Amino acid sequence: MYQLKLSSGSWSETVLHSFAGGPSDGSEPDGNLVLSGASFYGTTAVGGASGYGTAFKLKDSSGTWTESVIYNFAGGSGDGSYPYAGLALSGGVFYGTTFYGGTHNAGTVYSLTLSGSTWTENLLYSFGGSGDGANPHAPLAISSSGVLYGTTYNGGASGDGTVFSLTPSGGSWTEAVLYSFSGSDRENPHGGVVIGSGGVLYGTTLAGGASGDGTVFSLTPPVAPSTTWTETVLHSFAGGSSDGGQLRARVLCLAVAGCSMAPPSRADLRVRARSTR
């Protein structure tokens, strides 16, 4: 992990932590960071005690940064594995996704809660049932009412990925597929979504669209009595020298859209985890 600091028009880099991999540390950090107090929290895709990835904390103490692994993912049917996505924070609880692991080995949504000095992971949902999404790659967005929104890279009605929600109720979580992508016009959301005014979700796809180079889309909540979310392609990327394509990140949170994403964005601006992949 590193810090980039601007001073008198010049940027300087400082390495805050070099991941060691192996059973005692993670490696290949791929996701966003979250700042809480004087510490950054994030994930590594692999490494740790079982080799299936870690969640970590990087604490600043008078300019000295100390990293500690707060959770080792175990994989298998009872836990997630390969947490490519970073974390989202709400009410003192961290939420995240894993690409594999869980009941169907199609990925999970989990929470991490600190009690005293002990971190506890709870598996909130396992993907991969009939018609369900599979393999979430992106961080979650959290609404003001505590609903989790995210994307899966695969799965859904056409196998091209989904947008989903997880709603808490009485200590349990209910998952709903809000939209299944179709390869005919858009497919494979690699990034997550942000929440805009009126609960509209905004996101990107890696492929699909008019030229097959990906899209930016919106997903508008249903108006009763309808229960159907409405997807709109806002832009199809053309690729080549005149346009971008194959987006692997979610859209930025713009004040004009009134959107929200995993807080705080300051972490993304100040420090990014360096991946060796």
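This structure is a prediction, so every number in the text was calculated from the model and none was measured. (Residues numbered from 1 in each chain as written. Predicted model: local features only at pLDDT ≥ 70, side-chain atom pairs only at ≥ 80, totals over all residues. Heavy atoms only, no water.)

Asks: So, the packing of aromatic side chains: which residues are in play, and what are the values?
Replies: Scanning the model with the defined rule gives 17 aromatic pairs in all. Ring geometry for Tyr 41 versus Phe 94: centroids 4.5 Å apart, planes at 40°, classification tilted. Residue Tyr 41 is found in strand E5 (residues 39–44), and its partner Phe 94 is found in strand E11 (residues 93–98); the two are separated by 53 residues along the sequence. Geometrically, the ring pair formed by Tyr 179 and Phe 181 is edge-to-face, given 5.2 Å between the ring centres and 85° between the ring planes. Per residue, the accessibility class of Tyr 179 equals that of Phe 181, and both read buried. (Phe/Tyr/Trp six-rings, centres within 6.5 Å; stacked < 30°, edge-to-face > 60°. Helix = DSSP H or I, 4+ residues; strand = E, 2+ residues; numbered from the N terminus. Buried < 20%, exposed > 50% of the residue type's maximum accessible area, 1.4 Å probe, protein only.)

Asks: An account of the pairing of strand E20 (residues 172–180) is requested, with residue identities and associated values reported.
Replies: In terms of strand pairing, strand E19 (residues 162–169) meets E20 through eight bridges, oriented antiparallel. When the bridges of E20 are listed, Leu 166 appears paired with Glu 175. Here E19 folds back onto E20 in antiparallel fashion, the turn holding two residues, of which Gly 170 has a positive phi close to 60°. (Pairing = 2+ DSSP bridges.)

Asks: Tell me about the sheet that holds strand E16 (residues 141–142), and please be specific about residues and values.
Replies: If you walk across this open sheet you meet the four strands as E16-E17-E19-E20, and the pairing is antiparallel. Among the strands making up the open sheet, the edge pair consists of E16 and E20. By the bridge criterion, five bridges tie strand E17 (residues 148–152) to E19 in an arrangement that is antiparallel. Paired with Thr 151 across the two strands is Val 163, which belongs to E19.

Asks: Which residues make up the sheet that holds strand E4 (residues 34–36), and what values do they have?
Replies: The four strands are arranged E4-E5-E7-E8 in an open sheet whose pairing can be described as antiparallel. Each edge of the open sheet is held by one strand with a lone partner, namely E4 and strand E8 (64–72). Taken pair by pair, the neighbouring strands of this sheet meet at an average axis angle of 25°, ignoring direction. (Axes fitted to C-alpha atoms, helices over the stretch in contact; angles between N-to-C directions.)

Asks: An account of unusual backbone geometry is needed here, citing residue identities and associated values.
Replies: Here the bond from Ala 224 into Pro 225 is cis, since omega is 10°, no more than 30 degrees from zero. By secondary structure assignment, the location of Pro 225 is in the loop between strand E25 (215–220) and strand E26 (230–236). One non-glycine residue, Tyr 82, lies in positive phi territory at about 60°. As for its position among the elements, Tyr 82 is in the loop between strand E9 (80–81) and strand E10 (88–90). At Asn 105, a position not held by glycine, the phi torsion is positive, near 55°. If you trace the backbone, Asn 105 turns up in the loop between strand E12 (100–101) and strand E13 (108–115).

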